[in-house]
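Listed below are the residues making up each chain.
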Amino acid sequence: MTTYAAVACGALLVTVIGVSWVGKLRAQAAFAASIGALRMFPGRAWAPVAGLLTAAEGAVVLTLSASVFAGPRAALAGFLGAAVLMTVFCLVVATVIRRDVRASCNCFGRAGARYSARHVVRNALLAAVALAGAVASQTAALTHPAGTALAVATGVVVALLVVVMDDVAELFGAGGATAAAGARRGGSGAGRG
């Protein structure tokens, strides 16, 4: 048995990283090209890095998912793996921003917004969730099925908001205002840019 906090953290991370993993598997060439656009790796060294990141995400998703049956050690491994992955993503995005590389977030298998501080914050918060889950997963607690279902639902809803973060930011940011102004004028508005 585990705590509701561990369940919610696990559901959030499995959903976010799972959507990212599946997106990368579906568009591996596009993801690999987006890693190349970061200009952090010489030559074509970015191609195996893209494969390694995709495999790491898969390992985290499968380990966290299996921890439901495998117990607290598997949960700890999955949460710590997620924390390491999110920390690496934080450092990479921060480096890209600092170098002023014009690269877009292709985190979920589709072109997203240009990397910005919100991507660093997102990854840092996901790393914190992973660490909280690691701690919570090591605490035995009696849980009720309804409470567990609510914890899973909460984690999934928050995860879906994380996945569409760039779209929400565009809607409420300058891109959304431009699109709304275009719609009021009868135009099609602005697209993703």
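Everything discussed here concerns the structure shown above.
Since the model is a prediction, treat every value here as computed from it, not as a measurement.

1. Re the environment of Arg 39
Secondary-structure assignment places Arg 39 in the loop between helix 2 (28-36) and helix 3 (46-70). For Arg 39 and Arg 102, which are 63 residues apart along the polypeptide, the C-alpha to C-alpha distance reads 9.8 Å.

2. Here we look at the layout of surface pockets
In this structure, the largest pocket occupies an estimated 550 Å³ of space. For the largest pocket, the lining is made up of 21 residues, of which Thr 2, Ala 6, Val 7, Ser 67 and Val 68 are closest to its centre. Among the elements of the structure, helix 1 (4-26), helix 3, helix 4 (72-98) and helix 6 (145-163) are those that each provide at least two residues to the lining of the largest pocket. If one sorts the elements of the lining of the largest pocket by residue count, helix 1 sits on top with six residues. Phe 31, Leu 53, Phe 89, Cys 107 and Tyr 115 are, among the 25 residues lining the second largest pocket, the residues nearest its centre. Counting residues per element, the ones that place at least two in the lining of the second largest pocket are helix 1, helix 2, helix 3, helix 4 and helix 5 (117-137). The leading source of residues in the lining of the second largest pocket is helix 4, at five residues.

3. Thoughts on the environment of Ala 75
Tracing the backbone shows Ala 75 in helix 4. Ala 75 sits in the buried class, given a relative accessible area of 7%. Between the C-alpha atom of Ala 75 and that of Ala 134, which follows or precedes it by 59 residues, the distance is 6.9 Å. Excluding anything up to four places from it in sequence, Ala 75 contacts Leu 64, Ser 67 and Ser 137.

4. Concerning the side chain of Thr 3
Along the polypeptide, Thr 3 turns up in the segment before helix 1. Judged by its relative accessible area of 15%, Thr 3 falls in the buried class. A distance of 3.2 Å separates the side chain of Thr 3 from the backbone nitrogen of Ala 6, its partner in a polar contact. With residues near it in sequence (within four places) discarded, Thr 3 still touches Ala 136, Thr 139, Ala 141 and Thr 143.

5. Quick look at the packing of aromatic side chains
Taken as a whole and assessed by the stated rule, the structure comprises zero aromatic pairs. The cationic tip of Lys 24 hangs over the ring face of Phe 31; the distance from NZ or CZ to the ring centre is 4.7 Å.

6. A look at helix 6
The terminal C-alpha atoms of helix 6, which comprises 19 residues, lie 27 Å apart, in line with the 27 Å expected from a rise of 1.5 Å per residue. Along helix 6, the residues that are buried comprise Ala 151, Gly 155, Ala 159, Val 162 and Val 163. Along the axis of helix 6, the buried residues cluster in a sector spanning 105°; they form a single face. Of the residues in helix 6, the exposed ones pointing more than 90 degrees away from the buried face are Leu 150, Val 157 and Leu 161.

Criteria and thresholds
- Residues numbered from 1 in each chain as written.
- Predicted model: local features only at pLDDT ≥ 70, side-chain atom pairs only at ≥ 80, totals over all residues.
- Heavy atoms only, no water.
- Helix = DSSP H or I, 4+ residues; strand = E, 2+ residues; numbered from the N terminus.
- 1 Å grid on protein atoms, 1.4 Å probe; cavity = no way out; pocket = protein on both sides within 12 Å on 5 of 7 lines; lining within 4 Å.
- Points joined across faces, edges and corners; volume = space filled by probe spheres on them.
- Buried < 20%, exposed > 50% of the residue type's maximum accessible area, 1.4 Å probe, protein only.
- Contact = heavy atoms within 4.5 Å.
- Polar contact = N/O pair within 3.5 Å; in protein donor to acceptor, adjacent residues only side chain to side chain.
- Phe/Tyr/Trp six-rings, centres within 6.5 Å; stacked < 30°, edge-to-face > 60°.
- Lys NZ or Arg CZ within 6 Å of the ring centre and 35° of its normal.
- Expected span 1.5 Å × (residues − 1).
- Arc of directions from axis to C-beta.

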